[in-house]
Amino acid sequence: MAARRRTPAKADPAAEHERELLRTMLRIRRFEEACAELYSATKIRGFLHLYVGEEAVATGVMSVLEPDDAVVSTYREHGHALARGVPMDALMAEMFGRQTGCSRGRGGSMHLFHADTRFVGGNAIVGGGLPLAVGLGLADHLAGRPRVTACFFGEGAAAEGEFHESLNLAALWHLPVLFVCENNRYAMGTSLAHEHARTDIALRASSYGMAAWAVDGMDVRAVEESARQAVEAIRHGGGPHFLEVRTYRFRAHSMYDPDRYRPKAEVAEEKTHDPVTALAELMTSEGRLTDRQLATLEKEVAAEIAAAVEHAEQAPLEPVEDLTRFVHSDRTPAEVT
Amino acid sequence: MTATMVKTTYREALREAIREALQRDERVFLMGEDVGAYGGCFGVSLGLLEDFGPERIRDTPLSESAFVGAGIGAAIGGLRPIVEVMTVNFSLLALDQIMNTAASLQHMSGGQYAVPLVIRMTTGAGRQLAAQHSHSLEGWYAHIPGLRIVTPATLEDARGMLWTALEDPDPVLVFEHGSLYNLAGEIAADAGPVDLDHAAVRRPGDDLTLITYGGTLGRTLEAAEELAGAGVSAEVVDLRTLRPLDDATYLGSVTRTHRAVIVDEGWRSGSLSAELSARITEQAFYDLDAPVERVCTEEVPIPYAQHLEEEALPQVRDIVAAAHRTLGEQP
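Below is a short write-up of the structure. Quantities reported herein were computed from a predicted structural model and do not represent experimental measurements.

The rules behind these values
- Residues numbered from 1 in each chain as written.
- Chains lettered and ligands numbered in written order.
- Predicted model: local features only at pLDDT ≥ 70, side-chain atom pairs only at ≥ 80, totals over all residues.
- Helix = DSSP H or I, 4+ residues; strand = E, 2+ residues; numbered from the N terminus.
- Rg over C-alpha atoms; globule rule 2.2 N^0.38 Å.
- Buried ≥ 20, exposed ≤ 12 C-beta atoms within 10 Å, placed from the backbone.
- Contact = placed C-beta atoms within 7 Å.
- Pairing = 2+ DSSP bridges.
- Axes fitted to C-alpha atoms, helices over the stretch in contact; angles between N-to-C directions.
- Parallel < 35°, antiparallel > 145°, perpendicular 65-115°, else oblique.
- Nonpolar A, V, L, I, M, F, W, Y, C, P; charged D, E, K, R; others polar.
- Right-handed = clockwise from strand over helix to strand, strands pointing away.
- Expected span 1.5 Å × (residues − 1).
- Arc of directions from axis to C-beta.

In this section: the overall build of chain B. Helix and strand counts for chain B come out as 13 helices and 14 strands. Taking 331 residues into account, the globule formula puts the C-alpha radius of gyration at 20 Å, and chain B, at 20 Å, falls close to it. Its C-alpha atoms put chain B at 60 × 45 × 45 Å along the principal axes. In chain B, which comprises 331 residues, the proportion classed as buried is 59%. The contacts in chain B between residues at least 6 apart in sequence include a share of 78% that link residues at least 24 apart.

Attention shifts here to the overall build of chain A. Looking only at helices and strands, chain A features 13 helices and eight strands. Taken over the C-alpha trace, chain A has a radius of gyration of 20 Å; the compact-globule value for 337 residues is 20 Å, and the two agree within 12%. Projected onto its principal axes, the C-alpha coordinates of chain A cover approximately 65 × 60 × 50 Å. Across the 337 residues of chain A, 52% fall into the buried class. A separation threshold of at least 6 residues defines the contact pool for chain A, and within that pool the share at least 24 residues apart is 75%.

Residue and element names in this part refer to chain A. The sheet built from six strands is open, its strands ordered 2-1-3-4-8-7 with parallel pairing. Every other strand in the sheet has two partners, leaving strand 2 (119-122) and strand 7 (211-216) as the edge strands with one partner each. Shown here is a sheet whose adjacent strand axes are inclined to one another by a mean of 15 degrees, direction ignored. The pairing of strand 4 (residues 177-183) with strand 8 (residues 241-246) spans six bridges and is classified as parallel. When the bridges of strand 8 are listed, Asn183 appears paired with Arg246. The sheet contacts of helix 5 (residues 129-143) involve strand 1 (70-73), strand 2, strand 3 (149-154) and strand 4, and relative to strand 3 the element is tilted by about 170 degrees.

Next up on the list: the environment of Phe163 of chain A. With respect to the secondary-structure elements, Phe163 of chain A resides in helix 6 (residues 161-172). What Phe163 of chain A contacts, discounting residues up to four positions off in sequence, is Gly127, Leu130, Ala157 and Ala158 of chain A.

We now examine the packing of helix 3 (residues 64-76) of chain B against helix 5 (residues 95-102) of chain B. All names here are of chain B. Running from N to C, helix 3 and helix 5 cross one another at 30 degrees; their axes reach a closest spacing of 8 Å. Regarding the angle of helix 3 to helix 5, the classification is roughly parallel. Together, Ser65, Val68, Gly69 and Ile72 of helix 3 and Asp96, Gln97, Ile98, Thr101 and Ala102 of helix 5 make up the contact between the two elements. Split by residue class, the contact of helix 3 with helix 5 holds four nonpolar, four polar and one charged.

Residues and elements named next belong to chain A. One can find Met255 in the loop between strand 8 and helix 10 (264-271). Residues Met255 and Glu94, spaced 161 residues apart in sequence, show a C-alpha to C-alpha distance of 17 Å. In this view, Met255 contacts Tyr39 and Leu48; residues no more than four positions away in its chain are not counted.

On to the pairing of strand 3 of chain A, then. All names here are of chain A. Of all six residues in strand 3, six are buried, a share of seventy percent or more. Residues Thr149, Cys151 and Phe153 of strand 3 are buried on one face, and the alternating residues Ala150, Phe152 and Gly154, pointing to the opposite face, are buried as well. Two elements, strand 1 and strand 3, share three bridges in a ladder whose sense is parallel. Across the sheet, the residue bridging to Val72 is Cys151, located in strand 3. Sheet topology note: the strand 3/strand 4 ladder contains six bridges and is parallel. The residue bridging Phe152 from the neighbouring strand is Val180, located in strand 4. The parallel pair strand 3 and strand 4 is bridged by helix 6, and the resulting crossover is right-handed.

It is generally the case that most residues other than glycine have a negative phi and that most peptide bonds are trans. All names here are of chain B. That bond from Arg243 to Pro244 is cis: its omega, -5 degrees, falls within 30 degrees of zero. Even without being glycine, Asp34 reaches a positive phi, approximately 65 degrees. Along the chain, the position of Asp34 falls in the loop between strand 2 (28-32) and helix 2 (48-52). Located in the positive-phi region is Arg240, a residue other than glycine, with phi close to 65 degrees. Tracing the backbone through its elements, the reader meets Arg240 in the loop between strand 11 (234-238) and strand 12 (241-243). Accessibility expressed as a C-beta count within 10 Å gives 27 for Arg240, which makes it buried.

Residues and elements named next belong to chain B. Between its first and last C-alpha, helix 11 (residues 272-284) extends 17 Å over 13 residues, near the 18 Å set by a 1.5 Å rise per residue. Turning to helix 11, its buried residues number three or more, namely Leu272, Ser273, Leu276, Ser277 and Ile280. On an axial view of helix 11, the arc spanned by its buried residues comes to 140 degrees, and they lie on one face. Helix 11 presents Ala278 and Glu282 as exposed residues on the side facing more than 90 degrees away from its buried surface. Contacts from the buried residues of helix 11 go to helix 7 (138-141), strand 10 (208-212), strand 12, helix 10 (247-257), strand 13 (260-267) and strand 14 (293-297).

Let us look at the interface of chain A and chain B. Size of an interface: often given as the accessible area lost when the parts come together. Counting residues at the interface gives 40 residues for chain A and 41 residues for chain B. Broken down by secondary-structure element, the contributors of at least two residues to the side of chain A that touches chain B are strand 2, helix 5, helix 6 and helix 13 (333-336) of chain A. Sort the elements by how many residues they give to the side of chain A that touches chain B and helix 5 of chain A lands first, with eleven residues. Looking at the side of chain A that touches chain B residue by residue, the classes come out as 20 nonpolar, 13 polar and seven charged.

Right, dumping it as structure tokens:
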């Protein structure tokens, strides 16, 4: 093998990795902020649910997945899609309802799909994605493939029957599924304690016979470490695992939400645990990130978003003649047989 | 030369179709409540567990939503699941997955994720099972874009529809009428896959068209026989597939006979029979010599007592009477 040029001595793979985590979180944060502005400018319509405050969850979990793993997501899934590697151009074009959008303008903010990264979509039925993830795990189990399916949902989903049915099924059949409960403490406007007789979601998950634990969702490194342990165990035949990731949504539920149900002081307090600034400050204080590096990062992310918006503005609309495409596959069973 | 014929039942024909599918394609597996050790609630999968093992004849918990959804996920993951739901009433527990995921996924993903899934379920009344095991909701499902709805009413279709459904890249719901499982007769020994795109004329006739499907085909054919005795030549069209409807076949028949009676075990209001009637009026209005007649189930939850249940359901006498009305005759 030809000798390869050594990386500079000062390169630190761990620091590089941390910077990538920071980059992903920043991409999500700035993308969401851009979406909010574009919503106000009526470029984006429909329901828009932003992930601001929860960036560490998607970032930490996706960081440990392999390309042929699958991801099942929710309607608050921009961050999941970005962290998974769905191109930002395709995401923004979808927000704009354009043909080059990742769902060809048919899904919008709540239904982002991307087969190339096995991003099996934003599901806007709370709890509806869990059975799907179980099935993806079943397919891998029956085919003997060492893949993992990561399934995201909120704590509100834990009140749905599909949550309990799916956890039982995954545990019963020992399927390779990572359940990631993003506990942001509010199911739309209903608080955790107002909705659940027992608020320890991980404890309830563990009653189905799977390893389940809670993790600080404002600490991306903690999320990543927990996800790594879980995914490794799953990939080595350990069956389903469950992470309850305790996080907080800094913005309202959706652009329609006046946010009357949360004390302002609570929101202000939670914002002091911002996962993006927390990582940046930690890295800076420990000498792994300079102000200049951070500024460069911000600049690069801003440029990427500007390019994505520009792309979306210019992207063509799906022709109305194609309105009924993709209701059925183009081929019929007769042609197949 | 006639093909070799073998005796079978609707139940056995379904079982052989599942067996063949499991043999032909290793991606195929059957999953549902009591499909394995019990042999299927209606005995359809009896013996398959012994032949194919618990991975491919997969008993599930009583979690309709989860195992139907798991079928969707497994289909996306490259398998070809056959999911059995015990009855159409129970399928309502999985309606979210069927409607919001299976039927919608391809469209809302912009064509990236088709769902090659087959869901089988029992439908219909006539066995004194009362209001939570007896309804005919296939017409509801036929309302939903993205699904194909098939209703095998004959031994050949019981034997042949499954494989074609599995070849469909999109979700197919197979409705097996509960009264048909014991239907016995002969089919060709080499009976195999059948097309799912066309309705079938089960009895030719000239004076009027009786349009039906599934569990009421038998009674409709009986009615046609009785009408023949009264000198009325009724054509019987078996729709076979409720979505997409094969308009050409039943409209072609009505255009020729100028009269139509729709026999549908669903309720009348907002029903498949209403859809058929509307299409006939839209597309064959000037060919009609009489208003379209409908014979449907009375608008009650199906009662238990035998005489009440019978009164609720379309009977031969109702079909005959409706036929005579289209001819301006008293039966």
